[in-house]
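Fold and contact review
The primary structure of each chain is shown beneath.
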Amino acid sequence: RHGHNWLSVGRLAPNKGHALLIDAFAVYCRDYDPQARLLIVGKHDRRLARYTRALRARLAAHGLATSTHFLDDVDDAGLKACYLVADALVLPSEHEGFGVPFAEAMALSVPIVARAAAAIPSTVGAAGLLWDAPDPRLYAASVARLVRDAAARTALTAAGRARYRRHYAPAVLAETLLAILGSGT
């Protein structure tokens, strides 16, 4: 059998919470699904090579190097494919402005588990499981609930699709931009 897929989207940088992501994935693999896979999609910055090496070392220490895939140069079709195979988008970022991956996940019916920090709560609203505590067990249990509880997953993805249609669909964004430009502000 194939395991469940965790997806993380965003550049590889310390504020993105990759250490917490990896620790949560380790708990998930240990307690719920040893066959799970972690897809980390994001640009690698050569200036942060030490950070990337530290993430790989952390994965190796957990015995998860072969179940984690770093995907650096992903085109739009490849990114969409990652969302389509994902059981959850897991982003424990410490701070974000508007997070495009959240809107993408909502549009593609991928449930969200994220940190309730900075602009993330206003972007995601009730369309995701958001946590204040940086507790790996909490993130692991959240993904486990979403993959095991079809009703919870369906409710969250429906809320995400509705939020996307109301706030982030291209026609809505165009209308908002035109309204702003028309108001002179």
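A brief structural summary.

So, on to helix H1 (residues 18-31). Across its 14 residues, H1 extends 20 Å between first and last C-alpha, which sits within 8% of the 20 Å expected from 1.5 Å per residue. Those residues of H1 not exposed but buried are His18, Leu20, Leu21, Ile22, Asp23, Ala24, Phe25, Ala26, Val27, Tyr28 and Cys29.

Okay, the packing of helix H7 (residues 150-168) against helix H8 (residues 170-183) next. As a packed pair, H7 and H8 sit with axes 6 Å apart at the nearest point and diverge in direction by 30 degrees. Between H7 and H8, the interaxial angle falls into the category roughly parallel. Across the interface between the two elements, Tyr164, Arg165, Arg166, His167 and Tyr168 of H7 pack against Pro170, Val172 and Leu173 of H8. Residues that form the contact of H7 with H8 fall into these classes: five nonpolar, one polar and two charged.

Another aspect to go through is the packing of H1 against helix H2 (residues 49-62). Direction vectors running N to C along H1 and H2 enclose 15 degrees, while the axes themselves pass 10 Å from each other. Accordingly, the angle class assigned to the pair H1 and H2 is roughly parallel. Classified by chirality, the crossing of H2 by H1 is right-handed. Together, His18, Ala19, Ile22, Asp23 and Ala26 of H1 and Tyr51, Leu55, Arg58, Leu59 and His62 of H2 make up the contact between the two elements. Its residues assigned to classes, the contact of H1 with H2 shows six nonpolar, two polar and two charged.

Now for the side chain of Lys16. Relative to the helices and strands, Lys16 resides in the loop between strand S1 (5-9) and H1. Judged by its relative accessible area of 16%, Lys16 is buried. Leaving out residues up to four positions away in the same chain, Lys16 has contacts with Arg11, Pro92, Ser93 and Glu96.

Rules behind the numbers
Residues numbered from 1 in each chain as written. Predicted model: local features only at pLDDT ≥ 70, side-chain atom pairs only at ≥ 80, totals over all residues. Heavy atoms only, no water. Helix = DSSP H or I, 4+ residues; strand = E, 2+ residues; numbered from the N terminus. Expected span 1.5 Å × (residues − 1). Buried < 20%, exposed > 50% of the residue type's maximum accessible area, 1.4 Å probe, protein only. Axes fitted to C-alpha atoms, helices over the stretch in contact; angles between N-to-C directions. Parallel < 35°, antiparallel > 145°, perpendicular 65-115°, else oblique. Contact = heavy atoms within 4.5 Å. Nonpolar A, V, L, I, M, F, W, Y, C, P; charged D, E, K, R; others polar. Left-handed = near helix turned anticlockwise from the far one by under 90°.

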